[in-house]
Amino acid sequence: MQVGPLVPFYLLALFWTARLVIISFLCTFLGWLGIRILDALTPRIHERERIGKDPISVGLFIAGFIIFIGLIIHGSCTAPMAIGGSLVQSLLGFRRLALISICFFVSLLIGIALFNILNKLTPKIPFLSIKDNSLAVGIYVLGYLIFLGIILHAALTMSL
(Lines give C-alpha, C1' and ligand atoms only; values in the text may rest on other atoms or scores of the structure.)
Protein backbone atom coordinates (compact mmCIF):
# COMPACT_ATOMS: atom_id res chain seq x y z
CA MET A 1 0.00 0.00 0.00
CA GLN A 2 1.34 3.46 -0.86
CA VAL A 3 1.17 6.59 1.23
CA GLY A 4 -0.88 9.27 -0.50
CA PRO A 5 -4.29 10.92 -0.76
CA LEU A 6 -6.06 7.58 -1.30
CA VAL A 7 -5.00 6.21 2.09
CA PRO A 8 -7.55 6.86 4.86
CA PHE A 9 -6.53 9.39 7.51
CA TYR A 10 -6.65 6.86 10.35
CA LEU A 11 -4.07 4.68 8.54
CA LEU A 12 -1.78 7.66 7.99
CA ALA A 13 -2.11 8.61 11.66
CA LEU A 14 -1.45 5.02 12.74
CA PHE A 15 1.69 4.70 10.61
CA TRP A 16 2.90 8.16 11.58
CA THR A 17 2.53 7.20 15.26
CA ALA A 18 4.33 3.89 14.70
CA ARG A 19 7.13 5.72 12.90
CA LEU A 20 7.39 8.21 15.78
CA VAL A 21 7.69 5.40 18.34
CA ILE A 22 10.20 3.37 16.32
CA ILE A 23 12.43 6.33 15.50
CA SER A 24 12.25 7.61 19.09
CA PHE A 25 13.43 4.27 20.46
CA LEU A 26 16.14 3.97 17.80
CA CYS A 27 17.43 7.46 18.55
CA THR A 28 17.28 6.84 22.30
CA PHE A 29 19.47 3.78 21.69
CA LEU A 30 21.90 5.98 19.72
CA GLY A 31 21.88 8.46 22.62
CA TRP A 32 22.69 5.66 25.08
CA LEU A 33 25.47 4.59 22.72
CA GLY A 34 26.71 8.20 22.67
CA ILE A 35 26.85 8.21 26.49
CA ARG A 36 28.82 4.95 26.40
CA ILE A 37 31.21 6.56 23.89
CA LEU A 38 31.59 9.52 26.26
CA ASP A 39 32.48 7.09 29.06
CA ALA A 40 35.11 5.46 26.84
CA LEU A 41 36.59 8.79 25.74
CA THR A 42 36.84 10.21 29.25
CA PRO A 43 37.99 7.26 31.40
CA ARG A 44 39.28 9.58 34.14
CA ILE A 45 35.85 11.18 34.58
CA HIS A 46 33.38 8.72 36.05
CA GLU A 47 30.23 10.52 34.88
CA ARG A 48 27.57 8.20 36.26
CA GLU A 49 29.30 7.88 39.62
CA ARG A 50 29.91 11.64 39.99
CA ILE A 51 26.42 12.66 38.86
CA GLY A 52 24.79 10.35 41.40
CA LYS A 53 26.52 12.12 44.31
CA ASP A 54 24.60 15.39 43.97
CA PRO A 55 20.85 15.84 43.45
CA ILE A 56 21.47 18.98 41.37
CA SER A 57 23.69 16.94 39.05
CA VAL A 58 20.98 14.31 38.79
CA GLY A 59 18.48 17.06 37.95
CA LEU A 60 20.79 18.42 35.26
CA PHE A 61 21.19 14.95 33.79
CA ILE A 62 17.42 14.46 33.74
CA ALA A 63 16.95 17.92 32.18
CA GLY A 64 19.49 17.03 29.48
CA PHE A 65 17.70 13.76 28.82
CA ILE A 66 14.32 15.50 28.54
CA ILE A 67 15.76 18.05 26.09
CA PHE A 68 17.39 15.18 24.18
CA ILE A 69 14.08 13.29 23.92
CA GLY A 70 12.25 16.50 22.98
CA LEU A 71 14.66 17.10 20.11
CA ILE A 72 14.24 13.50 18.95
CA ILE A 73 10.46 13.64 19.05
CA HIS A 74 10.41 17.00 17.28
CA GLY A 75 12.80 15.71 14.63
CA SER A 76 10.74 12.56 14.17
CA CYS A 77 7.49 14.51 13.91
CA THR A 78 8.90 16.92 11.34
CA ALA A 79 10.94 14.36 9.39
CA PRO A 80 9.84 14.08 5.79
CA MET A 81 7.63 11.12 4.97
CA ALA A 82 7.79 9.57 1.52
CA ILE A 83 4.49 10.27 -0.19
CA GLY A 84 3.90 7.76 -2.95
CA GLY A 85 6.21 5.18 -1.40
CA SER A 86 5.14 2.12 0.56
CA LEU A 87 3.99 2.52 4.13
CA VAL A 88 6.56 0.02 5.38
CA GLN A 89 9.37 1.84 3.58
CA SER A 90 8.31 5.18 5.04
CA LEU A 91 8.19 3.51 8.45
CA LEU A 92 11.48 1.60 8.32
CA GLY A 93 13.27 2.81 5.22
CA PHE A 94 16.79 1.37 5.28
CA ARG A 95 18.15 4.39 3.46
CA ARG A 96 16.81 6.87 6.03
CA LEU A 97 17.91 4.73 9.00
CA ALA A 98 21.38 4.33 7.48
CA LEU A 99 21.66 8.09 6.88
CA ILE A 100 20.52 8.83 10.44
CA SER A 101 23.16 6.47 11.82
CA ILE A 102 25.93 7.74 9.53
CA CYS A 103 25.07 11.37 10.27
CA PHE A 104 25.03 10.64 14.00
CA PHE A 105 28.44 8.96 14.04
CA VAL A 106 30.13 11.44 11.68
CA SER A 107 28.75 14.39 13.68
CA LEU A 108 29.84 12.75 16.93
CA LEU A 109 33.37 12.25 15.58
CA ILE A 110 33.53 15.86 14.35
CA GLY A 111 32.30 17.12 17.73
CA ILE A 112 34.89 15.01 19.57
CA ALA A 113 37.67 16.19 17.25
CA LEU A 114 36.73 19.85 17.68
CA PHE A 115 36.47 19.39 21.46
CA ASN A 116 39.98 17.90 21.56
CA ILE A 117 41.34 20.70 19.36
CA LEU A 118 39.77 23.27 21.69
CA ASN A 119 41.30 21.47 24.68
CA LYS A 120 44.77 21.69 23.04
CA LEU A 121 44.32 25.36 22.07
CA THR A 122 43.36 26.38 25.62
CA PRO A 123 46.03 24.78 27.84
CA LYS A 124 45.32 27.15 30.74
CA ILE A 125 41.75 25.81 31.02
CA PRO A 126 42.12 22.30 32.48
CA PHE A 127 39.08 20.49 31.07
CA LEU A 128 39.66 17.43 33.25
CA SER A 129 39.26 19.52 36.41
CA ILE A 130 35.49 18.95 36.15
CA LYS A 131 36.03 15.44 37.53
CA ASP A 132 36.50 16.99 40.98
CA ASN A 133 32.98 18.40 41.17
CA SER A 134 29.79 16.44 40.59
CA LEU A 135 27.87 19.59 39.65
CA ALA A 136 30.45 20.34 36.93
CA VAL A 137 30.09 16.78 35.61
CA GLY A 138 26.29 17.17 35.61
CA ILE A 139 26.53 20.37 33.54
CA TYR A 140 29.03 18.69 31.20
CA VAL A 141 26.73 15.72 30.59
CA LEU A 142 23.73 18.07 30.20
CA GLY A 143 25.56 19.83 27.37
CA TYR A 144 26.57 16.51 25.85
CA LEU A 145 22.97 15.25 25.84
CA ILE A 146 21.81 18.46 24.16
CA PHE A 147 24.64 18.05 21.62
CA LEU A 148 23.49 14.49 20.86
CA GLY A 149 19.88 15.62 20.59
CA ILE A 150 20.74 18.36 18.10
CA ILE A 151 22.81 15.92 16.03
CA LEU A 152 19.96 13.43 15.86
CA HIS A 153 17.40 16.17 15.20
CA ALA A 154 19.47 17.32 12.21
CA ALA A 155 19.79 13.75 10.97
CA LEU A 156 16.05 13.19 11.25
CA THR A 157 15.02 16.35 9.44
CA MET A 158 17.56 16.27 6.61
CA SER A 159 16.32 15.79 3.09
CA LEU A 160 17.33 12.64 1.26
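Bear in mind that the values here come from a model prediction, so they are computed numbers and not experimental data.

Explain the overall build of the protein to me, using residue names and the numbers behind them.
Across its full length, the protein carries 6 helices and 0 strands. Mapped in sequence order, the helices and strands of the protein form the string α-α-α-α-α-α. Put simply, the protein has 160 residues, and 36% of those count as buried. Intrachain contacts of the protein at a sequence separation of at least 6 include 86% that bridge at least 24 residues. Roughly 9400 Å² of accessible area belongs to the protein as shown, and the carbon and sulfur atoms make up 75% of that amount.

Could you give me a rundown of the packing of aromatic side chains, with the residues and numbers involved?
Using the criterion set out here, one finds 5 aromatic pairs in the structure. Note on Tyr144 and Phe147: the rings are 6.2 Å apart at their centroids and 35 degrees apart in plane angle, and the pair reads as tilted. Here Tyr144 pairs with Phe147, and both are found in helix α6 (residues 134–157), just 3 residues apart, close to one helical turn. Looking at Phe147, the relative accessible area reads 29%, which means it is partly exposed.

Describe the packing of helix α5 (residues 94–121) against α6, naming the residues involved and giving the relevant values.
It is at 9 Å that the axes of α5 and α6 come closest, and there the two elements cross at 140 degrees. Taken together, the axes of α5 and α6 lie oblique to each other. Here α5 runs over α6; the crossing is right-handed. Between α5, through Arg96, Ile100, Cys103, Phe104, Ser107, Leu108, Gly111 and Phe115, and α6, the contact on the second element is made entirely by Tyr140, Tyr144, Phe147, Leu148, Ile151, Leu152, Ala155 and Leu156. Its residues assigned to classes, the contact of α5 with α6 comprises 13 nonpolar, 2 polar and 1 charged.

Summarise the packing of helix α1 (residues 9–41) against α5; cite the residues concerned and give the values.
Axis separation between α1 and α5 bottoms out at 12 Å; the angle between their running directions is 25 degrees. With respect to α5, the element α1 is oriented roughly parallel. Here α1 and α5 pass one another in a crossing that is right-handed. Taking contact as the criterion, the partners of Leu26, Leu30, Leu33, Gly34, Ile37 and Leu41 in α1 are, on α5, Leu97, Ile100, Phe104, Phe105, Leu108 and Ile112. Taken together, the residues that form the contact of α1 with α5 break down as 11 nonpolar, 1 polar and no charged.

Outline a nonpolar patch on the surface, supporting the account with residue identities and numerical values.
Taken together, the side chains of Ile102, Val106, Ile110, Leu114, Ile117 and Leu121 make up a nonpolar region of the molecular surface, amounting to roughly 590 Å² of accessible area. In this fold, Ile117 is placed in helix α5. On the basis of relative accessible area, Ile117 is assigned to the partly exposed category, the value being 46%.

So what's going on with α5? Residues and values would help.
The α-helix advances 3.6 residues per turn, and as a result positions three or four apart in sequence lie on the same side. The first and last C-alpha atoms of α5 sit 40 Å apart over 28 residues, in line with the 40 Å expected at 1.5 Å per residue. Of all the positions in α5, only Arg96, Ile100, Phe104, Leu108, Gly111 and Ile112 are classed as buried. Against the buried residues of α5 lie α1 and α6.

Please set out the environment of Asn116 residue by residue, giving values where relevant.
Along the chain, Asn116 turns up in helix α5. Linking Asn116 and Phe127, residues 11 residues apart in sequence, is a C-alpha distance of 9.9 Å.

Could you give an account of the nonpolar core, with specific residues and numbers?
As a rule of thumb, nonpolar side chains are buried together in soluble globular proteins. Counting residues in each nonpolar core, the largest one holds 24 residues, and the members touching the most others are Phe104, Val141 and Leu152. Put simply, the parts of the chain that give this core at least two residues each are α1, α3 (55–78), α5 and α6. The contact partners of Leu152, leaving out residues within four places of it in the chain, are Cys27, Leu30, Gly31, Phe68, Ile72, Ile100 and Phe104.

Calculation notes
- Counting from 1, residues in each chain are numbered in the order their sequence is written.
- Only residues with pLDDT of 70 or above have their local features reported here, since the model is predicted, and side-chain atom pairs are shown and tallied only from 80 upward, although totals for entire chains, interfaces and linings are computed over all residues.
- Only hydrogens and water are set aside when side-chain values are computed; all heavy atoms of the structure are taken into account.
- Only DSSP runs of H or I with at least four residues qualify as helices, and only runs of E with at least two residues qualify as strands; both kinds are numbered from the N terminus onward.
- Relative accessibility under 20% of the residue-type maximum defines a buried residue, over 50% an exposed one, and the middle range a partly exposed one, all with a 1.4 Å probe and only protein chains included.
- Whether two residues are in contact is decided by their heavy atoms: any pair within 4.5 Å suffices.
- Residue-level accessible areas treat just the shown protein chains as cover; the underlying method is Shrake-Rupley with a 1.4 Å probe.
- In this scheme Phe, Tyr and Trp rings, the latter by its six-membered ring, pair at centre separations within 6.5 Å, and the angle between planes marks the pair as stacked below 30 degrees, edge-to-face above 60, and tilted otherwise.
- Angles run from 0 to 180 degrees between N-to-C directions of axes, and those axes are lines fitted to C-alpha atoms, restricted for helices to the stretch in contact.
- Geometric relationships in this document are graded by angle, where less than 35 degrees denotes roughly parallel, more than 145 denotes roughly antiparallel, 65 to 115 denotes roughly perpendicular, and other angles denote oblique.
- For any helix crossing, the convention is left-handed if the near helix is rotated counterclockwise from the far helix by under a right angle, and right-handed if that rotation is clockwise.
- In this classification, Asp, Glu, Lys and Arg are treated as charged, Ala, Val, Leu, Ile, Met, Phe, Trp, Tyr, Cys and Pro as nonpolar, and every other residue, Gly included, as polar.
- Excluding any residue in a salt bridge, patches collect residues exceeding 30% relative accessible area, merging like charges within 9 Å and nonpolar Val, Leu, Ile, Met, Phe, Trp and Tyr side chains within 5 Å.
- Any Lys or Arg side-chain nitrogen found within 4 Å of a carboxyl oxygen on Asp or Glu counts as a salt bridge.
- An expected span of 1.5 Å times one less than the residue number is assigned to each helix.
- Each nonpolar core is a collection of buried residues, namely Ala, Val, Leu, Ile, Met, Phe, Trp, Tyr and Cys, held together in the definition by side-chain atoms within 4.5 Å.

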